Amino acid sequence: MALRVVSVDPGSPAERLGILPGCTLLSADGHQMADMLDYQYYTVAARFPLAICRDGRQRTIQVEKGEYEPLGCNFKTYLGDEKHSCDNHCMFCFIDQLPRGLRKSLYFKDDDERLSFLFGNYITMTNLSEREVERIIQMHISPIFISVHTTNPALRVRMMANKKAADTLAYLDRFAKGGIEMNCQLVLCRGVNDGDELRRTLDDLLALRPQVGSIAAVPAGVTSHRKGLYHLEPYDAASAAETLDILEEYSNKCRAEYGRSIVYPSDEWYLTAGRPLPQAEFYDDYAQLEDGVGMWRQYHDTFLEELAEPRGLVLPRSIDIVTGTLAAPLIGQMADTLHRQYPQVDITVHPIQNHFFGGNVSVAGLVTATDIIRQCKGRLHSRTLGVPEVMLRDGEGAFLDDITTGQLGKELGCRVQVLPTDGAGCCRALLTAQAPAKRLAGLAARLRKRKPKGE
């Protein structure tokens, strides 16, 4: 295990020590360095021996620098090495259900404990080495996000198609004893790990309190691209209600005992079962927001809070908005509320059926430009189309099907406005008319003509 240096910061301790691009860092203060976490953790001290390899020759140099001063080495990736991939073949894996022809990065299954700590990605623990388990505890890499799914060893092996899935459940207890906070995820498959199996899993995880800080439960996503895969039956209103009853039972017990819900059903359970979503207090600090837990409630409340803020001039405007069928009722409700307060703002909401993925996929983040074009062409009521930011790749302005916002606008004959995902930001964007330059210039000219003489 080692780290290969690709560049060195000018004026850094590394440069002063003669560390050059192409050098390999072997260990710091006797500790092996495999990635950026090792590098950051073991190079904090003001003085330590650093073993390096340069031109095929190993030697040890003594580092002297300011405590916490960066050593100044840079590596191929921000992790220092490549992302760790998944070893499982889960019966519910969404990536296995993707249609062919998408960009290659979408088919990569990450299962990396470093990304769990850094970004909240979920890990299954099945590819953790003993060194990595010990490092999590020693460095106190906390919190981490864990895909548990079930605490029944045999069922976990069956669901994940990996013999290690049973043995690695023991890591939960080790992490708890090591003081590591765990946010757990349960992807529930109808008739597989719900019902009594769900009760068993919740009992086992809650026995690890307080280190288990939250447990999110989400229904398995089922697309129409499941040829050759395990048959999964999507939840309907009745089965979603039965599962929700169990989850809420445990949430209520936790609130009574711990003052927090801890067990959080995702928004899909309520919407599928046709039940109202809980108030904001239920979600506590929204620990599992990225898993679709409380997203609807937070959007609703922050949108209305922003709408209640006093405003100056709100110009007339008309805008169409696209969203997934799951969020469409909420977006429609918010649009109507905004229009009642500002009648000069007309908003038309278009729920987009997800034919690209099919199945029970209904979230806005998986809507493609292909489906938007097919369902909106010739049906827009305005010259502006609002697209939620969650539909686009970060910083690239392209949908999952690689169509850009510019191409979408050209196909539909409109201007595309990217809308913030949060409720407050979306409300502000809808109330801010972005007039074309010619229109602004014309308005300024008319205002100049109206100025009283002598001014």
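Quantities reported herein were computed from a predicted structural model and do not represent experimental measurements.

This next bit is on the nonpolar core. Membership of the largest hydrophobic core comes to 91 residues, with the highest contact counts inside it found for L25, L50 and F175. Top element by residues in this core is helix α9 (residues 237–258). It accounts for 7 residues. In this structure, V322, M391, L408 and V416 belong to the second largest nonpolar core, which totals 18 residues.

Mapped onto the elements of the fold, T384 is located in strand β15 (residues 384–388). For T384, a relative accessible area of 9% gives the class buried.

Pairing within the open sheet is parallel, and its 5 strands lie in the order β8-β9-β10-β11-β12. Taken across any chain shown, the strands that pair with only one partner, and hence form the sheet edges, are β8 (122–123) and β12 (263–265).

Here we come to the packing of aromatic side chains. For the structure on display, the rule yields 12 aromatic pairs. Taking 6.0 Å as the distance between ring centres and 85 degrees as the angle between the ring planes, the aromatic pair formed by Y264 and F282 counts as edge-to-face. Placement of Y264 in strand β12 and of F282 in the loop between α10 (267–273) and α11 (295–307) is noted, with a sequence separation of 18 residues between them. Their ring planes at 75 degrees and their centres at 5.2 Å tell us that F356 and F357 sit as a pair that is edge-to-face. Exposure remark for F357: the relative accessible area of 1% places this residue in the buried category. Pairwise contacts between aromatic rings join Y264, F282, Y283 and Y286 into one cluster. Sitting over the ring of Y258, R209 keeps its end group 4.7 Å from the ring centre. Its guanidinium or amino end placed over the ring of Y250, K253 lies 5.1 Å from that ring's centre, counting from NZ or CZ.

Mean pLDDT over the protein works out to 91, with 94% of the residues at or above the 70 mark. Helix α16 (residues 437–449) is the least confidently modelled element of the protein, averaging 50 in pLDDT, while helix α8 (residues 195–206) averages 98, the highest of any element.

Before going further, it helps to spend a moment on the packing of helix α13 (residues 369–376) against helix α14 (residues 405–412). Put simply, α13 and α14 touch, their axes get as near as 10 Å, and they point 15 degrees apart. When the interaxial angle is binned, α13 and α14 end up roughly parallel. Considering the relative orientation of α13 and α14, their crossing is right-handed. Where α13 approaches α14, its residues A369, I372, I373 and C376 are matched on the opposing element by L408, E411 and L412. Considered class by class, the residues forming the contact of α13 with α14 number 6 nonpolar, no polar and 1 charged.

Criteria and thresholds
Residues numbered from 1 in each chain as written. Predicted model: local features only at pLDDT ≥ 70, side-chain atom pairs only at ≥ 80, totals over all residues. Heavy atoms only, no water. Core = buried A, V, L, I, M, F, W, Y, C linked by side-chain atoms within 4.5 Å. Buried < 20%, exposed > 50% of the residue type's maximum accessible area, 1.4 Å probe, protein only. Helix = DSSP H or I, 4+ residues; strand = E, 2+ residues; numbered from the N terminus. Pairing = 2+ DSSP bridges. Phe/Tyr/Trp six-rings, centres within 6.5 Å; stacked < 30°, edge-to-face > 60°. Lys NZ or Arg CZ within 6 Å of the ring centre and 35° of its normal. pLDDT = per-residue confidence, 0-100. Axes fitted to C-alpha atoms, helices over the stretch in contact; angles between N-to-C directions. Parallel < 35°, antiparallel > 145°, perpendicular 65-115°, else oblique. Left-handed = near helix turned anticlockwise from the far one by under 90°. Contact = heavy atoms within 4.5 Å. Nonpolar A, V, L, I, M, F, W, Y, C, P; charged D, E, K, R; others polar.

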